[in-house]
Amino acid sequence: MTRASILPDDEVFADFRRQCLSAENCWQSKYNKNDMQVWIENPPPNSAPKVHKIRCKMTIKDVSAATMYDVIHDGEYRKTWDPNMLDSFDIARLSDNADVGYYSWNCPKPLKNRDVVTLRSWQVKDDEYIIINFSVKHPKYPAQSNLVRAVSMLTGYYIKNTGPNSCTFIYLSQADPKGSLPKWVVNKASQVLAPRVLKSVHKAGQMYAEWKQQNKPNQKPWLHPDQSSLPTMNPAELSIQRADSLENVDETFKKDAQENEDSS
């Protein structure tokens, strides 16, 4: 097996799609209203307790799948709507449908903020759009002391066209946030933060056409690879980031003092 095989193949995309559409009873419902649903997976026995798996689904009745796909890809636009983002940038292009990038985000106080370096890849088939990412080690972007380097095992989006101006939008993430997250953080993430982010994404979809018209309307390198201005990089220079190779940050002192804080 060559190192270049770090790029996901059709099997990886098919497995992600299966997880997004799975009706298995391992998913526990945490939120269900306003055309939005959030589940967390009950971890199987003997699994790593630090790994959190969440799935969010939105039924969107006024934005097309193609537009929502553009919204997720468009890094410049994300700076205008993502409420949690600290910093985000693309690092290099790996292929016509893969790149490597950096993202850091705010965590609920008093926890430390997180960041990731991920390999992102995408696939469009008929009326289905899939974007996936997972954590990688990049020689020039090591973990920083002021942030906790989280690990995405597999995170992404499944968007399916349901009409000319409607779609099903699913976000699924299997990640190790590192540190010792208290229970209230996990609950808040699924019951408060995830629905809030979904609303932001939906609103971003509604506003995208108007914004894009004013901001390089024909520039969409995720649809037209020849438009990419990123430097190219050999995927073999990257390796998968394993959670156990990163320092564990002890956040247990931030105990459940905030268990009931901000349940709105």
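Just so we're clear, the structure is a prediction, and the values are computed from it rather than from any experiment.

**Examining the environment of lysine 109**
Here comes step 1: By the element assignment, lysine 109 lies in the loop between β5 (98–105) and β6 (114–125).
Here comes step 2: By relative accessible area, which is 69% here, lysine 109 ends up exposed.

**So, the environment of tyrosine 157**
Here comes step 1: Within the fold, tyrosine 157 resides in strand β9 (residues 151–163).
Here comes step 2: By relative accessible area, which is 13% here, tyrosine 157 ends up buried.
Here comes step 3: Counting along the chain gives 14 residues from tyrosine 157 to tyrosine 171, while the straight-line C-alpha distance between them is 4.6 Å.
Here comes step 4: Leave out the neighbours within four places in its chain, and tyrosine 157 touches Phe16, Ile72, Arg78, Tyr129, Ile130, Ile131, Phe169, Ile170 and Tyr171.

**Section: helix α1 (residues 10–21)**
Here comes step 1: For α1, which comprises 12 residues, the first-to-last C-alpha distance of 17 Å matches the rise-based estimate of 16 Å (1.5 Å per residue) to within 8%.
Here comes step 2: Those residues of α1 that fall on the buried side of the exposure criterion are Phe13, Phe16, Gln19 and Cys20. All buried residues of α1 project into a common sector of 125° when viewed along the axis, lining one side.
Here comes step 3: Contact partners of the buried residues in α1: β1 (27–33), β3 (52–60), β6, β7 (128–137), β9 and β10 (166–176).

**Observations regarding unusual backbone geometry**
The general pattern is negative phi for most residues beyond glycine and trans for most peptide bonds.
Here comes step 1: The phi torsion at aspartate 35 lies on the positive side, around 60°, for a residue other than glycine.
Here comes step 2: Along the polypeptide, aspartate 35 turns up in the loop between β1 and β2 (36–41).
Here comes step 3: Under the relative-accessibility criterion, aspartate 35 is labelled partly exposed at 40%.
Here comes step 4: Positive phi, normally seen in glycine, also occurs at lysine 216, with a value near 50°.
Here comes step 5: With respect to the helices, strands and loops of the structure, lysine 216 is situated in the loop between α4 (183–214) and β11 (239–240).

Each value, and the rule that gives it
Residues numbered from 1 in each chain as written. Predicted model: local features only at pLDDT ≥ 70, side-chain atom pairs only at ≥ 80, totals over all residues. Heavy atoms only, no water. Helix = DSSP H or I, 4+ residues; strand = E, 2+ residues; numbered from the N terminus. Buried < 20%, exposed > 50% of the residue type's maximum accessible area, 1.4 Å probe, protein only. Contact = heavy atoms within 4.5 Å. Expected span 1.5 Å × (residues − 1). Arc of directions from axis to C-beta.

By themselves, these figures tell us nothing about what the structure is for.
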